[in-house]
Amino acid sequence: MDLLQIASSLLAPPLCAACGRGCRAGAVLCTRCSRALATATPIFSGGPHGIDRAWSSAPHDGVARSLVGALKFRRLLPVAELMADRIHWLAPGHLLGGVVVGVPAAPPRLRRRGFDPAGELAAALAARLGTELAPCLARRGLGHQVGRRRAERIGRPPQIEAIAESPRSVLLIDDVLTTGATLTSCAMALRDAGARRVVALTFTRRL
Ligand SMILES: [Zn+2]
């Protein structure tokens, strides 16, 4: 624990990012939530169209789901580190080759939040893997997915384009895999820009 953590724990006791109860200084989760997350089973599949393999560290449920919300809506950045740890520890080693690319946030949403959850997760994972981070994708249009009905999300895939040449082998990172429409749009743009292999890694997957 560094001095900043000690100072902040004296000012306000640390709270679990998932359940809000008190927890150990320097910890993101309380013991109970940490144990619950440890029992979540990763999901591995062929992935949505355009994706060679998709792997998610947990179903979008319980503590894992609470953590996605904490990162996305409460800007708890240590959560991105915890998510990256879990992906790094649990994802099969043969999936982890390639250059990390984060799914890009929609510009209006990025401006409003002031940070990019998928980008934070991608950066934290790239640091653990010792690989490069290639910000080669951008989102066009409004691209709002939250609050939109599932059928509409499938019917209106986000517009994503490559703004630089893509690495040949890509680890495409997002916090949640929902319909797969966003990952497919990213994969298409990456392949047009030179990608030959696209593996998607997400923290959770909606089933
Ligand atoms: Zn908790």
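No experiment lies behind these values; they were computed from the predicted model shown.

K.L.:
So what about the overall build of the chain? Which residues, and what values?
P.N.:
Secondary structure summary: the chain contains 8 helices and 7 strands in total. Buried positions account for 39% of the 207 residues belonging to the chain. Within the chain, contacts between residues separated by at least 24 positions form 71% of all contacts whose residues are at least 6 apart in sequence.

K.L.:
How would you sum up the sheet that holds strand β7 (residues 197–205)? Please name residues and give values.
P.N.:
Strand order in the open sheet formed by 5 strands is β1-β2-β7-β6-β3, with mixed pairing between adjacent strands. A strand with exactly one partner marks an edge of an open sheet, and here the two such strands are β1 (43–45) and β3 (99–102). Here the strands of the sheet are splayed against their neighbours by 20 degrees on average, with no regard to which way each runs. Here 4 bridges tie β3 to strand β6 (residues 169–177), and the two strands are oriented parallel to one another.

K.L.:
Help me get a handle on the packing of helix α4 (residues 78–90) against helix α6 (residues 117–129), residues and values and all.
P.N.:
With their axes 8 Å apart at the nearest point, α4 and α6 run at an angle of 50 degrees to one another. Considered as vectors, α4 and α6 are oriented oblique to each other. Helix-helix and strand crossings are classified by hand; for α4 and α6 the assignment is right-handed. Packed against α4, whose contacting residues are A80, E81, M83, A84, I87 and H88, the element α6 presents E120, L121, A124, L125, R128 and L129 at the interface. Within the contact of α4 with α6, the residues separate by chemical class into 8 nonpolar, 1 polar and 3 charged.

K.L.:
Tell me about the environment of A118, and please be specific about residues and values.
P.N.:
If you trace the backbone, A118 turns up in helix α6. Of the residues examined, A118 has 23 C-beta atoms within 10 Å and is grouped as buried. Considering only alpha carbons, one finds A118 and V103, 15 residues apart in sequence, at a separation of 6.1 Å. Leave out the neighbours within four places in its chain, and A118 touches G102, V103, A105, I173, D174 and D175.

About the criteria used
- Residues numbered from 1 in each chain as written.
- Predicted model: local features only at pLDDT ≥ 70, side-chain atom pairs only at ≥ 80, totals over all residues.
- Helix = DSSP H or I, 4+ residues; strand = E, 2+ residues; numbered from the N terminus.
- Buried ≥ 20, exposed ≤ 12 C-beta atoms within 10 Å, placed from the backbone.
- Contact = placed C-beta atoms within 7 Å.
- Pairing = 2+ DSSP bridges.
- Axes fitted to C-alpha atoms, helices over the stretch in contact; angles between N-to-C directions.
- Parallel < 35°, antiparallel > 145°, perpendicular 65-115°, else oblique.
- Left-handed = near helix turned anticlockwise from the far one by under 90°.
- Nonpolar A, V, L, I, M, F, W, Y, C, P; charged D, E, K, R; others polar.

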